[in-house]
Amino acid sequence: MVVEALKLIREVEEEGRKRLEEAKESVARILKAADEEMMGLTEKAREEVKRIAAEIAARYAKEGEREAEMIKKAAEAEAGKLKATAASNLEIAVNLVLEKMFGLR
Amino acid sequence: MGTNEIVEKIRSEAQAEYERMINEAKENAKKKLEEVRKELELQKKRFIEADERKGVEEKERMIRAARQHARKLKWMVEEEMSEKAFEAAMKRIKEVKRAGFKGKSYQNILAGLIMDGTRSIAAEGSEAAELEVLLSEEDVAYLNHSLLKEIANKISQDNGVKLQLSLSDERVKSAGGVIVRRKDGKIEVNHTFEQRMARFSTGLREDIVKTLFSRR
């Protein structure tokens, strides 16, 4: 009777040890899965940042190009006006040069 | 305690330990993931802020380059039109020699330049001086001895010195104007048009730009 009782207790203790082994294995699996999820998150974040960086760069480049184009067009228009003004004042400027050249001014 | 109770106790303790270990692992994994998520969010925010700054800098660089191009374009127009004014003035010299300028004959213009050059040399201080006038071959026809004498007399009177002015046999290569120099060669005033333009170029260019681009 006692021997059977002790045998049963030893069997149950063995069951308990196995259960703890299972627990350790599960813990390892849980931690591994968490590590993999973290790596996945990091990779996803890296790709997202890369995509956003490209979008930001493209947005500012487009804005820069648009404003630069406006400045360029305004400058070309202004240059055209300046040339026209200068052409209409050319005779006065030539006289100014001649006056200075001849010592009359 | 009976055998069955002992067995049950061992089983329940083992199960409790199993659950504790699993729950602790799950809790740790969850905590780590949350920390990683937070850290990644923070990093993402920092990267985006840095990219925004880079983007703004790039945009500003493009705008600065465009403004610089605009300034260059304006400067090129100023240069081109100033150069046209100078070229047109040089071309007009021949016409001035023939028809005069603003009511003055070319002879009068030369006389004015000779007078100015002679005065400059007279102002150097010697009581008597012999000066000579150098002209281009083309301009010799516009000057005569009596005009030079008249100029010399006037400046002699004005400055209280005795000046003699004569036409040199030496000729200069120039579009026009004169060189007045002491016969000993020590002092010379170069009033050829090319030299006058070179002397006045900086100030004159500013005046020309103002004149060319002022809206009337």
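This one's a predicted model, so the numbers in the text were calculated from it and none came from an experiment. (Residues numbered from 1 in each chain as written. Chains lettered and ligands numbered in written order. Predicted model: local features only at pLDDT ≥ 70, side-chain atom pairs only at ≥ 80, totals over all residues.)

Undergrad: Could you clarify how one ought to interpret the overall build of chain B in this entry?
TA: For chain B, the helix and strand inventory stands at 4 helices and 4 strands. Counting from the amino terminus, chain B carries its helices and strands in the arrangement α-α-β-α-β-β-β-α. A globule of 216 residues ought to have a C-alpha radius of gyration of about 17 Å, yet chain B, at 46 Å, is considerably larger. Taken along its principal axes, the extent of the C-alpha atoms in chain B is 155 × 40 × 30 Å. Taking all 216 residues of chain B together, the buried fraction comes to 22%. Within chain B, contacts between residues separated by at least 24 positions form 69% of all contacts whose residues are at least 6 apart in sequence. (Helix = DSSP H or I, 4+ residues; strand = E, 2+ residues; numbered from the N terminus. Rg over C-alpha atoms; globule rule 2.2 N^0.38 Å. Buried ≥ 20, exposed ≤ 12 C-beta atoms within 10 Å, placed from the backbone. Contact = placed C-beta atoms within 7 Å.)

Undergrad: I'm lost on the interface of chain B and chain A in this one. Help?
TA: Think of interface size as the accessible area that goes away when the parts come together; that is how it is often given. On the side of chain A, 57 residues touch chain B, which itself brings 63 residues to the contact. At the level of elements, helix 1 (3-99), helix 2 (106-122) and helix 4 (193-213) of chain B are the ones that each hand at least two residues to the side of chain B that touches chain A. The element contributing the most residues to the side of chain B that touches chain A is helix 1 of chain B, with 46 residues.

Undergrad: Quick question: what am I supposed to make of the sheet that holds strand 3 (residues 177-182) of chain B here?
TA: Think of a sheet as strands paired side by side through backbone hydrogen bonds, with each pair either parallel or antiparallel. Residues and elements named next belong to chain B. Reading across the sheet, the 4 strands line up as 2-1-3-4 and stay open at both edges, with mixed pairing between neighbours. Each having just a single partner strand, strand 2 (162-171) and strand 4 (188-192) make up the two edges of the open sheet. Taken pair by pair, the neighbouring strands of this sheet meet at an average axis angle of 20°, ignoring direction. Pairing analysis gives 7 bridges linking strand 1 (residues 128-135) to strand 2, with the strands arranged parallel. When the sheet's bridge partners are listed, Val133 is paired in strand 2 with Leu167. This element, helix 2, spans strand 1, strand 2, strand 3 and strand 4 of the sheet and lies at about 25° to strand 3. Lying over the sheet, helix 4 contacts strand 3 and strand 4, oriented at roughly 95° with respect to strand 4. (Pairing = 2+ DSSP bridges. Axes fitted to C-alpha atoms, helices over the stretch in contact; angles between N-to-C directions.)

None of this, on its own, says anything about what the molecule does.
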